[in-house]
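Single-letter residue listing:
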Amino acid sequence: MKTQMRFQKLILKLTLIVAALAIVYALAFCTGAIAYIGRYQDMAGSEIRAIFGSTTSDSYMEFLDLLGVYDAAQTYTTLLLWLGIVFILLVVVCYAFAGATRRNYYKSNYITIGILAGFAIVWAVLAVVFSLQVQMGVLGSDAWNVTFANYAAANAAYYYSSNTVVYIIGYIFAIVVIVDALALIYNCIWKAKLMKGEKELLQKGAAKEVA
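Residues numbered from 1 in each chain as written. Predicted model: local features only at pLDDT ≥ 70, side-chain atom pairs only at ≥ 80, totals over all residues. Heavy atoms only, no water.

(A) Up close: the packing of aromatic side chains. Across all of its chains, the model carries 22 aromatic pairs by this definition. Ring geometry for Phe-7 against Trp-190: centres 5.6 Å apart, planes inclined by 55°, an arrangement best described as tilted. Linking Phe-7 in helix α1 (residues 2-28) with Trp-190 in helix α7 (residues 165-210), this pair joins segments that are 183 residues apart in sequence. A relative accessible area of 22% places Phe-7 in the partly exposed class. Overall, Trp-190 belongs to the partly exposed group, its relative accessible area being 23%. A centroid spacing of 4.6 Å and a plane angle of 15° characterise the contact between Trp-144 and Phe-148, whose relative ring orientation is stacked. (Phe/Tyr/Trp six-rings, centres within 6.5 Å; stacked < 30°, edge-to-face > 60°. Helix = DSSP H or I, 4+ residues; strand = E, 2+ residues; numbered from the N terminus. Buried < 20%, exposed > 50% of the residue type's maximum accessible area, 1.4 Å probe, protein only.)

Given below as structure tokens:
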């Protein structure tokens, strides 16, 4: 039982750290290449013609699609930020119900920790989906990685980047979040088995006394 008690304290502390890092990831979501792309949302017509030839060229149309990816990334950032705040609040609720210190869990403990674990998995899935959409949008754009990159290389006033490392970090972090969620579930299963075993021992002891 002591080992399990130490584990439940540790896993909730780690989950609090993970929830805080989820907010950090949200704040870092629009860094790297996507941040550079956002700089050119309000590009003047003369600049567009210089880079893409005209506002009707296929390259320019593709660049408009990429600006749509930037807008989506902004939306994802806001959503991930709010989800991160909810993530932390759910951990706080688990602490409020004594999920880190209670020897015998009540139904409320299993419910709150279960909700926390489920939410963590949902957050991880959404983070991967959002990251994939933005990363693939950036890396798959010839308008950005070829046309614009070549123009920026010849014009010092323009900035270009193909850096999408933040999304790779996001995939790794999502795995960490899922492992943490599974550890929370394991903690509840472990606790339930110990409580069941303890109850059976008490019942056997009581039966012997009656006999």
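Alright, that's what it looks like, and here's the rest.
(B) Structural view of the nonpolar core. Of all hydrophobic cores here, the largest spans 59 residues; its most connected members are Phe-29, Ile-34, Phe-87 and Trp-123. Broken down by secondary-structure element, the contributors of at least two residues to this core are α1, α2 (33-38), α3 (45-52), α4 (58-96), α5 (107-139), α6 (142-154) and α7. For this core, the leading source of residues is α4, giving 14 residues. Apart from the residues lying within four places of it in its own chain, the contact partners of Ile-34 are Phe-29, Val-69, Tyr-70, Ala-73, Val-134, Val-138 and Tyr-167. (Core = buried A, V, L, I, M, F, W, Y, C linked by side-chain atoms within 4.5 Å. Contact = heavy atoms within 4.5 Å.)

(C) Examining the packing of α4 against α6 more closely. As a packed pair, α4 and α6 sit with axes 9 Å apart at the nearest point and diverge in direction by 125°. Looking at the two axes, α4 sits oblique to α6. As α4 runs across α6, the sense of the crossing is left-handed. Note on element contacts: α6 touches α4 through Asp-142, Ala-143, Trp-144 and Thr-147, opposite Ser-59, Glu-62, Phe-63 and Leu-66. Taken together, the residues of the contact of α4 with α6 break down into four nonpolar, two polar and two charged. (Axes fitted to C-alpha atoms, helices over the stretch in contact; angles between N-to-C directions. Parallel < 35°, antiparallel > 145°, perpendicular 65-115°, else oblique. Left-handed = near helix turned anticlockwise from the far one by under 90°. Nonpolar A, V, L, I, M, F, W, Y, C, P; charged D, E, K, R; others polar.)

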